[in-house]
Amino acid sequence: MAGWKKRVIAGALALAVLAAGSLLPRPGREREAEAAGPAKIPAGPYVALTFDDGPKASTTAALLDGLSQRGVHATFFVVGENVEGNELLLQRMEGEGHQVGLHTYHHKSLAALNASDFYAEVDSLRATLTALLGRERFMLRPPYGMMNEATQARAASPLILWSVDPEDWSDRDTKRQVSVILDNVKDGDIILLHDIYPASVDTALQVVDALLARGYRFVTVEELFAVRGRTAENGKVYRNLPPQE
Ligand code: NI
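To keep things clear, this report deals only with the structure shown in the data block.

Considering the nonpolar core
Next, step 1: The biggest cluster of nonpolar side chains holds 44 residues, and the ones touching the most others in it are Leu-49, Leu-67, Phe-76, Leu-129 and Ile-191.
Next, step 2: With near-sequence residues (within four places) excluded, Leu-49 lies in contact with Leu-67, Ala-74, Thr-75, Ile-191, Leu-193, Ala-204, Val-208, Phe-218 and Val-219.
Next, step 3: Of all hydrophobic cores here, the second largest spans 14 residues; its members include Ala-48, Met-139, Val-219 and Val-221.

Quick look at the coordination of the nickel ion
Note on metal sites: the ideal angle is 109.5 degrees for four tetrahedral donors, and 90 or 180 degrees for six octahedral donors.
Next, step 1: Here the nickel ion is held by the protein donor atoms Asp-53 (OD), His-103 (NE2) and His-107 (NE2), which lie 2.0 to 2.1 Å from it.
Next, step 2: Counting gaps between the donor residues of the nickel ion yields the pattern D-x49-H-x3-H. On the criterion of sequence distance, the pair formed by Asp-53 in the loop between strand S1 (46–52) and helix H3 (57–70) and His-103 in the loop between strand S3 (99–102) and helix H6 (115–133) is long-range, its members being 50 residues apart.

Observations regarding the pattern of salt bridges
Next, step 1: Counted according to the given criterion, the structure contains 11 salt bridges.
Next, step 2: We note a salt bridge from Asp-65 to Arg-92, for which the minimum N-O separation is 2.7 Å. Of the two residues, Asp-65 is situated in helix H3 and Arg-92 in helix H5 (residues 87–95); the sequence distance between them amounts to 27 residues.
Next, step 3: Across the pair Glu-94 and Arg-135 runs a salt bridge whose closest N-O atoms are separated by 2.9 Å. Pair noted here: Glu-94 is in helix H5 and Arg-135 is in the loop between H6 and helix H7 (149–154), with a separation of 41 residues, a long-range link.
Next, step 4: On the basis of relative accessibility, which here comes to 11%, the residue Arg-135 falls in the buried class.

Here we look at the packing of aromatic side chains
Next, step 1: Counted by the stated rule, this structure contains three aromatic pairs.
Next, step 2: Here Phe-51 and Phe-76 contribute two aromatic rings whose centre-to-centre distance is 5.3 Å and whose plane-to-plane angle is 25°, an arrangement assigned as stacked. A residue pair is termed long-range when its members are at least 10 positions apart, and Phe-51 in strand S1 and Phe-76 in strand S2 (residues 75–78) qualify at 25 residues. The pair Phe-51 / Phe-76 is uniform in exposure class, with both members buried.
Next, step 3: Aromatic pair Phe-225 and Tyr-238: ring centres 4.8 Å apart, planes at 90°, arrangement edge-to-face. In this pair, Phe-225 is assigned in helix H10 (residues 221–227) and Tyr-238 in strand S7 (residues 237–238), connecting sequence segments 13 residues apart.
Next, step 4: For Tyr-238, a relative accessible area of 6% translates into the label buried.
Next, step 5: In this structure, Arg-172 is placed above the aromatic ring of Tyr-197, and the distance from its NZ or CZ to the ring centre is 3.9 Å.

Brief notes about the side chain of Thr-151
Next, step 1: Position of Thr-151 among the secondary structure elements: in helix H7.
Next, step 2: Setting aside chain neighbours within four positions, we find Thr-151 in contact with Leu-110, Ala-111 and Phe-118.

Let's talk about the packing of H5 against H6
Relative placement of two packed helices is described by the angle separating their axes and the distance separating the axes.
Next, step 1: Running from N to C, H5 and H6 cross one another at 70°; their axes reach a closest spacing of 10 Å. Taken together, the axis directions place H5 and H6 in an arrangement best described as roughly perpendicular. H6 is crossed by H5, and the crossing has right-handed handedness. On H6, the residues touching Glu-87, Leu-90, Gln-91 and Glu-94 of H5 are Leu-129, Leu-132 and Leu-133.
Next, step 2: In the contact of H5 with H6, the residues fall into four nonpolar, one polar and two charged.

Things to note about helix H9 (residues 198–213)
Next, step 1: Its 16 residues give H9 an end-to-end C-alpha distance of 23 Å, which sits within 8% of 22 Å, the value for a rise of 1.5 Å per residue.
Next, step 2: Within the sequence span of H9, burial applies to Ala-199, Ser-200, Val-201, Thr-203, Ala-204, Leu-205, Val-207, Val-208 and Leu-211.
Next, step 3: Here the buried face of H9 lies against S1, H3, helix H8 (174–184), strand S5 (189–194) and strand S6 (217–218).

Rules of the game
- Residues numbered from 1 in each chain as written.
- Predicted model: local features only at pLDDT ≥ 70, side-chain atom pairs only at ≥ 80, totals over all residues.
- Heavy atoms only, no water.
- Core = buried A, V, L, I, M, F, W, Y, C linked by side-chain atoms within 4.5 Å.
- Buried < 20%, exposed > 50% of the residue type's maximum accessible area, 1.4 Å probe, protein only.
- Contact = heavy atoms within 4.5 Å.
- Donors = N, O, S within 2.8 Å, 3.2 Å for Na, K, Ca; no water.
- Helix = DSSP H or I, 4+ residues; strand = E, 2+ residues; numbered from the N terminus.
- Salt bridge = Lys/Arg side-chain N within 4 Å of Asp/Glu carboxyl O.
- Phe/Tyr/Trp six-rings, centres within 6.5 Å; stacked < 30°, edge-to-face > 60°.
- Lys NZ or Arg CZ within 6 Å of the ring centre and 35° of its normal.
- Axes fitted to C-alpha atoms, helices over the stretch in contact; angles between N-to-C directions.
- Parallel < 35°, antiparallel > 145°, perpendicular 65-115°, else oblique.
- Left-handed = near helix turned anticlockwise from the far one by under 90°.
- Nonpolar A, V, L, I, M, F, W, Y, C, P; charged D, E, K, R; others polar.
- Expected span 1.5 Å × (residues − 1).

Right under this line is the structure:
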């Protein structure tokens, strides 16, 4: 547990450092307030881009290039069998400040699995990622968003769903996908895309450009918890993290 908490605290500190170093874009009024006092976490709005089902060599690398050019971090819920042969991409994600999470080894619906199959799907991927990235705590996105009480009891990870879904798997229409996202996004949302389609990479980068222009800050899911001052609990389900009332 200490590892998890440390990572959340490290995320908060990293954000504070980013804010202090002016690396994050922010409105002028906040900049003045920060100049006058100690670094504080900017108010937002925040959004987390998440990508499922990868990695895929061509599309994921292009996405990482585009995110890097824009200085934006995202979260990748990876499938174990797609990690094989793409280990360097995973290490690149981690090294460039993105978050890597679990999406099962073979993209199985967790609600349909018995206990031993569940642990085979989730723990085998966790072990693969631990060997590759040197840490043990990963958030879990259930394939298809399918889960039940047994899933929650077995997860040993926070369960991360989403609040904005352009259903990018259903077409390759970047224009439609971008407008669905831009028409629906709000502070604290978690956007679902898939980094295995070229059109989805285009969608993601267009959304980044549009939302940066609207003053949004892109964070990983872990960073989103940190800026909201919340702790991600194992077995709990999260769809978004709106600002506290
Ligand atoms: Ni999936």
